[in-house]
Amino acid sequence: DQQVKQNSPSLSVQEGRISILNCDYTNSMFDYFLWYKKYPAEGPTFLISISSIKDKNEDGRFTVFLNKSAKHLSLHIVPSQPGDSAVYFCAAIYNQGGKLIFGQGTELSVKP
Amino acid sequence: GAVVSQHPSWVICKSGTSVKIECRSLDFQATTMFWYRQFPKQSLMLMATSNEGSKATYEQGVEKDKFLINHASLTLSTLTVTSAHPEDSSFYICSARDPRQSHTEAFFGQGTRLTVV
C-alpha cells in the first residue's frame, strides 16, 4: 500500500524555467510533509517542509504547496538551475517524531 | 544542520558472512534512529526504528533475525546484516532527528552500498 506517491519518475526542465514536482498521498492523518533531495550514492538532504494546517511554504527558490482536499502537494523550484538536477523525494509523517513515509522519487534534470 | 555519519560508505562481502553498518549522530543525541533500504530507482523503504536502550521496532516483512539492530548509546546505532546473500545487496541509509531542532525534519547519513558476492 503506497501511501505517498510520486507518479512522475522523471522530469526535464530548461535552466531558468520553473520545475514542478508533484506528490499525492492517501492518508489524511499525515500532519507534516517534507521534500528531500538526493544525489546518487548519498543520503537525502532536507529541502523544505509544510505543516498540514498550511497551504504554502516558501524558502528562497523553493515553494511547497499543499492541497489537502485533493491530498496533493507540489514543489516548485524557480528559477531552476543545473545544480538542482537530482532525485527529489516527497515524504509524509504523522505525529511529530514518527517515521517518514517516502514517495518513489522524481528524477529532475535541469538542462543548461 | 545536524550531522549524521554512516560507516562504511561501501562494502563488498562474501555470501554467508555478516556485515555491520554504523550510524552516528555527531553533534546531538538521538534516542531514536531509523534504518532505510533503497533499491535502484525505488523509494526509501523503512526497515526498522532503532530505540536507544530497548529493542528495535521492525516494519512488516523485515526479518529481525537477519537485520540485527543495536542502539547501545545515544549517538550510535548499528545494523548488522547476518548471513548476507546477494539479494541483500542494496543501499542502506540511517537517519535521526536532532531533539534540539524540528521534530519533523530528519537528517540522513551518507548511506552504505552493500554488495554481496
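Residues numbered from 1 in each chain as written. Chains lettered and ligands numbered in written order. Predicted model: local features only at pLDDT ≥ 70, side-chain atom pairs only at ≥ 80, totals over all residues. Heavy atoms only, no water.

## A few points about the overall build of chain B
Let me state the cut-off plainly: What counts as a helix is a DSSP run of H or I of at least four residues, what counts as a strand is a run of E of at least two, and both are numbered from the N terminus. Burial classes follow relative accessibility: with a 1.4 Å probe on protein chains only, a residue under 20% of its type's maximum area counts as buried, one over 50% as exposed, and anything between as partly exposed. By the convention used here, residues are in contact when the closest approach between their heavy atoms is within 4.5 Å.
The helix and strand inventory of chain B stands at 0 helices and 11 strands. The N-to-C order of helical and strand elements in chain B reads β-β-β-β-β-β-β-β-β-β-β. C-alpha atoms of chain B, sized along the principal axes, occupy 40 × 30 × 25 Å. Per-residue burial over chain B gives 51% buried out of 117 residues. A separation of at least 24 residues holds for 54% of the contacts in chain B among residues at least 6 apart in sequence.

## Points about unusual backbone geometry
The linkage connecting V78(A) with the following residue, P79(A), adopts the cis geometry, with an omega of -10°. Topologically, P79(A) is positioned in the loop between β8 (72-77) and β9 (86-93). Each neighbour pair has its own omega, and for H7(B) with P8(B) the value is 0°, a cis peptide bond. Inspection of the secondary structure puts P8(B) in the loop between β1 (4-7) and β2 (10-13). Positive phi, normally seen in glycine, also occurs at K71(A), with a value near 50°. Mapped onto the elements of the fold, K71(A) is located in the loop between β7 (62-67) and β8. A positive phi angle, near 45°, is found at S83(B), a position not held by glycine. Mapped onto the fold, S83(B) is located in the loop between β8 (76-81) and β9 (90-96). For S83(B), a relative accessible area of 34% gives the class partly exposed.

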